[in-house]
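Structure at a glance
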Amino acid sequence: MTTFFCPACWTATGKDVPQCRICGCDIQEYLAEKSYAQRLIEALNHPDPTTRLRVAFILGRRRESEAVPFLARKVRESRDLYIGLACLEALLEIGDEAALEELRSFREDERPLIAAKAIALLHEKE
Ligand SMILES: [Zn+2]
């Protein structure tokens, strides 16, 4: 069974619930105002870790350049190394100058796995 979440506060809601019981968000209106890319970017904070990973992957595949600062922030702020690594891969796939600049900034990250991944990805690119 699929769980539905409020896109504004990520509280679990029922399917087709018009309004979030926690934050009061009008869910359909909220979604209608956002582009697909914006919705994907917000889903980087989805409570389900598998969804977060999938979203990072899709953002990379779609080469969503507006996602670059959000992917970089996710790498910096998340304690979940898997999402960090997935966001680094997405930055490489997006591959524009801003994305590569962010990727380079992680070469000296204090977390060895993040730094090693950033170095390996940049090496792959060159
Ligand atoms: Zn809500």
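Our subject is the structure that appears above.
As the structure is a prediction and not an experimental result, all values here were calculated from the model.

**Some thoughts on the overall build of the protein**
A count of helical and extended segments in the protein gives 7 helices and 2 strands. N-terminal to C-terminal, the α/β element order of the protein is β-β-α-α-α-α-α-α-α. Along the three orthogonal principal directions, the C-alpha set of the protein runs to about 50 × 25 × 25 Å. Of all intrachain contacts in the protein linking residues separated by at least 6 positions in sequence, the fraction that spans at least 24 positions is 42%.

**Quick word on the environment of proline 49**
Take proline 49: it is sitting in helix 3 (residues 49-61). On the basis of neighbour counts, which here come to 11 C-beta atoms within 10 Å, the residue proline 49 falls in the exposed class. Sequence separation between proline 49 and valine 75 is 26 residues; the distance between their C-alpha atoms is 14 Å.

**Focus on the environment of alanine 86**
Tracing the sequence through the fold places alanine 86 in helix 5 (residues 81-94). Remark: the alpha-carbon pair of alanine 86 and proline 47, spanning 39 residues in sequence, is separated by 16 Å.

**What to know about the packing of helix 3 against helix 5**
Packed helices, taken two at a time, are described by the angle between their axes plus the distance between the axes. Contact geometry for helix 3 and helix 5: axes closest at 7 Å, N-to-C directions at 10°. When the axes of helix 3 and helix 5 are compared, the pair comes out roughly parallel. Side by side, helix 3 and helix 5 meet where Arg52, Leu53, Ala56, Phe57, Leu59, Gly60 and Arg61 of the first sit next to Tyr82, Ile83, Ala86, Cys87, Glu89, Ala90, Glu93 and Ile94 of the second. Considering only residue class, the contact of helix 3 with helix 5 consists of 10 nonpolar, 1 polar and 4 charged.

**With respect to the nonpolar core**
Generally speaking, a soluble globular protein has its nonpolar side chains buried in company with each other. In this structure, Ala56, Leu71, Cys87, Ala90 and Leu91 are the most contacted members of the largest nonpolar core, which totals 24 residues. At the level of elements, helix 2 (36-42), helix 3, helix 4 (68-77), helix 5, helix 6 (97-105) and helix 7 (112-125) are the ones that each hand at least two residues to this core. Ignoring any residue separated from it by four or fewer positions in sequence, one finds cysteine 87 in contact with Ala56, Leu71, Lys74 and Val75.

Calculation notes
Residues numbered from 1 in each chain as written. Predicted model: local features only at pLDDT ≥ 70, side-chain atom pairs only at ≥ 80, totals over all residues. Helix = DSSP H or I, 4+ residues; strand = E, 2+ residues; numbered from the N terminus. Contact = placed C-beta atoms within 7 Å. Buried ≥ 20, exposed ≤ 12 C-beta atoms within 10 Å, placed from the backbone. Axes fitted to C-alpha atoms, helices over the stretch in contact; angles between N-to-C directions. Parallel < 35°, antiparallel > 145°, perpendicular 65-115°, else oblique. Nonpolar A, V, L, I, M, F, W, Y, C, P; charged D, E, K, R; others polar. Core = buried A, V, L, I, M, F, W, Y, C linked by C-beta atoms within 7 Å.

Honestly, it's all geometry; don't read function into it.
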